[in-house]
Amino acid sequence: MNKTMQAILQALSYGGIEVESARWIADLKKLDPMRIFVKKLDIEIYNEEYKVPVRLYFADEASMESGNENVPVILFFHGGGWTTESVETYDRVCSRMAQSIGQLVVSVEYRLAPEHRFPVGFEDCYAAAKALFAGGILPGIRPEQITVMGDSAGGNLAAAVCMKARDTGDFRPQRQILIYPALSNCYTEASPYESVRTNGTGYLLTSEKMADYLELYESKPEDRKNPYFAPLCAEDYTDLPDTLILTAEFDPLRDEGEEYGRRMRQAGCRVRIERIEGALHGYFALGIQHLYVQESFRHINRFLSVERALNEQRL
């Protein structure tokens, strides 16, 4: 990375989080004029008495009209530090994903902190996953056709949903894709991960912002020891889904994502870890023309292709 780019990033990488300002900036993405061309459908599922909005994205007009029998599905949880972003602001990301991998994408509008702290957003995501795996969202979809996926805080939620599903036996995800996931519970100098120190300033997402996000997300300090809050706090990594983890070179979350993959691998899980060289946290939301995004979709399509072949062997 050249010195000019480093200077620009340093200027943009200011300290902590002011929630309303961060949400206002995120909401600017709703002005995207291309959103009117997205093939989508809005529905709701219940988490007890609360209706969780869910949006379905189709690869094209034909797939939208052909029905949902035997269609592979991505269950997606968006990022934003558990406090910002939404299904609306991720519209282009999810529609691009549906087109690029040829699968139906189900995006979940979980409730945000600090108005709704842990475990509310996580439980919204779990309720959506449970409904999808039970056929309550897309009748005719088989559980082995579903991949659980998320980026950043959404990667945290995806990992936690899969972990709870294993613990409870409510359903059984076979695949998960975690994109620069937030899996730890500490972003101070006490962090065991070197990337928190080397990439914690000057690369847009700062360690100070991550510390603020955790404070906004937690209900009480004890939450940080809960593996559904911070999956790296888990004691058991066995029997988790086949997993693809994508990390970014200049990201404070890089090392924890890769460590999570190593722990899963040591526990006997099938895991593929890919580091996107030169990339910053958040790159996945860039346009499809960006090389980092194209590289990511190559990894995703390769992973899904291998998983498809494994499923055929199992059947």
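Structure shown above.
To start, this report covers the structure provided alongside it. (Residues numbered from 1 in each chain as written. Predicted model: local features only at pLDDT ≥ 70, side-chain atom pairs only at ≥ 80, totals over all residues. Heavy atoms only, no water.)

## Here's the deal with the overall build of the protein
Moving on, step 1. Within the protein, the secondary structure is distributed over 10 helices and eight strands.
Moving on, step 2. For the protein, the proportion of its 315 residues judged to be buried stands at 55%.
Moving on, step 3. Look at the contacts in the protein between residues 6 or more apart in sequence, and 76% of them connect residues 24 or more apart. (Helix = DSSP H or I, 4+ residues; strand = E, 2+ residues; numbered from the N terminus. Buried < 20%, exposed > 50% of the residue type's maximum accessible area, 1.4 Å probe, protein only. Contact = heavy atoms within 4.5 Å.)

## Some details on the sheet that holds strand β5 (residues 146-151)
Moving on, step 1. Strands sit in the order β1-β2-β4-β3-β5-β6-β7-β8 across an open sheet of eight strands; the sheet is mixed. Every other strand in the sheet has two partners, leaving β1 (40-47) and β8 (271-280) as the edge strands with one partner each. Neighbouring strand axes in the sheet, compared pairwise and without regard to direction, differ in orientation by 20° on average.
Moving on, step 2. As paired elements, strand β3 (residues 73-77) and β5 share five bridges and run parallel to each other. Paired with F77 across the two strands is G150, which belongs to β5.
Moving on, step 3. Of the strands in this sheet, β1, β2 (50-57), β3, β4 (104-108) and β5 are in contact with helix α4 (residues 91-101), which crosses β2 at around 45°. (Pairing = 2+ DSSP bridges. Axes fitted to C-alpha atoms, helices over the stretch in contact; angles between N-to-C directions.)

## Digging into the side chain of E144
Moving on, step 1. In this fold, E144 is placed in the loop between α5 (120-133) and β5.
Moving on, step 2. Reaching out from E144, the side chain makes a polar contact with the side chain of R142 at a distance of 2.7 Å.
Moving on, step 3. Ignoring anything within four residues of it in the chain, the contact list for E144 reads Q174, R175 and N311. (Polar contact = N/O pair within 3.5 Å; in protein donor to acceptor, adjacent residues only side chain to side chain.)

## Comments concerning the side chain of H281
Moving on, step 1. Looking at the secondary structure, you find H281 in the loop between β8 and α10 (291-314).
Moving on, step 2. When its relative accessible area of 15% is taken as the criterion, H281 is described as buried.
Moving on, step 3. A distance of 2.8 Å separates a polar atom in the side chain of H281 from a polar atom in the side chain of S152.
Moving on, step 4. In terms of polar contacts, H281 uses its side chain to reach the side chain of D251, at 2.9 Å.
Moving on, step 5. The residues touching H281, leaving out its near neighbours within four places in the chain, are S152, Y180, L205, A248, F250, D251 and L253.

## Quick word on α4
Given 3.6 residues per turn, any residue in an α-helix points the same way as the ones three and four places further on.
Moving on, step 1. Across the 11 residues of α4, eight count as buried, placing the element largely inside the fold.
Moving on, step 2. If you check which residues of α4 are buried, you get D91, V93, C94, S95, R96, M97, A98 and I101.
Moving on, step 3. G102 lies just past α4 and shows a positive phi near 65°.

## Observations regarding the packing of aromatic side chains
Moving on, step 1. Applying the stated criterion across every chain, the model contains 15 aromatic pairs.
Moving on, step 2. When the ring of W82 is compared with that of Y217, the centres are 4.5 Å apart and the planes differ by 5°; the resulting orientation is stacked. Taken together, the residues span a long stretch of sequence, with W82 in the loop between β3 and α4 and Y217 in helix α8 (residues 207-217) at a distance of 135 residues.
Moving on, step 3. Take Y217: its relative accessible area is 2%, and that puts it in the buried class.
Moving on, step 4. For the pair F133 and F171, a centre-to-centre distance of 4.8 Å together with 20° between the ring planes defines the contact as stacked. With F133 in helix α5 and F171 in the loop between α6 (153-168) and β6 (175-179), this pair connects stretches of sequence that are 38 residues apart. With respect to class, F133 is no different from F171; both count as buried.
Moving on, step 5. An aromatic cluster is built from W82, F118, F122, Y126, F133, F171, Y217, Y228 and F229, whose rings are joined through pairwise contacts.
Moving on, step 6. The ring of F284 has R96 lying over it, and the distance from NZ or CZ to the ring centre is 5.7 Å.
Moving on, step 7. One cation-aromatic arrangement involves R111 over Y50; the distance from NZ or CZ to the ring centre is 3.6 Å. (Phe/Tyr/Trp six-rings, centres within 6.5 Å; stacked < 30°, edge-to-face > 60°. Lys NZ or Arg CZ within 6 Å of the ring centre and 35° of its normal.)

## Thoughts on the pattern of salt bridges
Moving on, step 1. Here the structure, examined in full by the defined rule, presents 18 salt bridges.
Moving on, step 2. Taking the shortest distance from any N to any O, the salt bridge between E218 and R224 comes out at 2.6 Å. In terms of burial, E218 and R224 fall into one category: buried.
Moving on, step 3. Linked by salt bridges that have partners in common, K40, D42, R55, E88 and D91 make up one network. (Salt bridge = Lys/Arg side-chain N within 4 Å of Asp/Glu carboxyl O.)

## Comments concerning the packing of α5 against α6
Moving on, step 1. The interhelical angle for the contact between α5 and α6, taken along N-to-C directions, is 60°, at an axis separation of 10 Å. Considering their axes alone, α5 and α6 lie oblique with respect to each other. At the point where α5 passes α6, the crossing takes the right-handed sense. Every residue of α6 that contacts α5 at F122, C125, Y126 and A129 is listed here: L157, A160, V161, K164, A165 and T168.
Moving on, step 2. A per-class count over the contact of α5 with α6 returns eight nonpolar, one polar and one charged. (Parallel < 35°, antiparallel > 145°, perpendicular 65-115°, else oblique. Left-handed = near helix turned anticlockwise from the far one by under 90°. Nonpolar A, V, L, I, M, F, W, Y, C, P; charged D, E, K, R; others polar.)

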